[in-house]
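The primary structure of each chain is shown beneath.
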Amino acid sequence: YSNSCAATGGTTPYTYSITAGTLPPGLSLDPATGIISGTPTTKGVYPFTIEVTDALDNSVSVQSSITIRGKCLVDQ
């Protein structure tokens, strides 16, 4: 699995973090690029909040979720 969170505006560089919830086991977020990647290991619905912070310490959060259904991945 690989998907990116893209920020616009503000002052680069950006830092990405998960501030609530969790990613599926086996997936991780690269804090410098906003890319969520890896191989999920457990079925389920995983809601999370991702926050992006710019160089001037301005931030915004977005709620999202990833659903793992066996070998199929559905990004919501």
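Residues numbered from 1 in each chain as written. Predicted model: local features only at pLDDT ≥ 70, side-chain atom pairs only at ≥ 80, totals over all residues. Heavy atoms only, no water.

Trainee: Which parts of the structure should I look at to understand the sheet that holds strand S3 (residues 27-29)?
Mentor: Within a sheet, adjacent strands bond to each other through the backbone by hydrogen bonds, running parallel or antiparallel. Taken together, three strands build an open sheet; the order of strands is S1-S4-S3 and the sheet is antiparallel. One side of each edge strand has no neighbouring strand; the edge strands of this open sheet are strand S1 (2-4) and S3. Strand-to-strand twist of the sheet, defined as the mean angle between neighbouring strand axes without regard to direction, takes the value 15°. Pairing between S1 and strand S4 (residues 35-38): three bridges, direction antiparallel. Following the sheet pairing, Asn3 is matched in S4 by Ile36. (Pairing = 2+ DSSP bridges. Helix = DSSP H or I, 4+ residues; strand = E, 2+ residues; numbered from the N terminus. Axes fitted to C-alpha atoms, helices over the stretch in contact; angles between N-to-C directions.)

Trainee: Looking at this structure, I do not really get the nonpolar core. What am I missing?
Mentor: One broad trend across soluble globular proteins is that nonpolar side chains are buried collectively. Within the largest apolar cluster, twelve residues are counted, these being Tyr14, Tyr16, Leu23, Leu27, Leu29, Ile36, Tyr46, Phe48, Ile50, Val52, Ile66 and Ile68. Elements represented by at least two residues in this core include exactly S3, strand S5 (44-53) and strand S6 (59-69). It is S5 that provides the largest number of residues to this core, a total of four residues. (Core = buried A, V, L, I, M, F, W, Y, C linked by side-chain atoms within 4.5 Å. Buried < 20%, exposed > 50% of the residue type's maximum accessible area, 1.4 Å probe, protein only.)

Trainee: Please clarify how unusual backbone geometry should be interpreted in this entry.
Mentor: With glycine set apart, most residues show a phi of negative sign, and most peptide bonds adopt trans. Looking along the chain, the bond that leaves Thr12 and enters Pro13 is cis, with omega of 5°. On the secondary structure map, Pro13 appears in the loop between S1 and strand S2 (15-21). At Asp57, a residue that is not glycine, the phi angle is positive and equals roughly 70°. Within the secondary structure, Asp57 sits in the loop between S5 and S6.

Without other data, these values stay purely geometric and don't point to any function.
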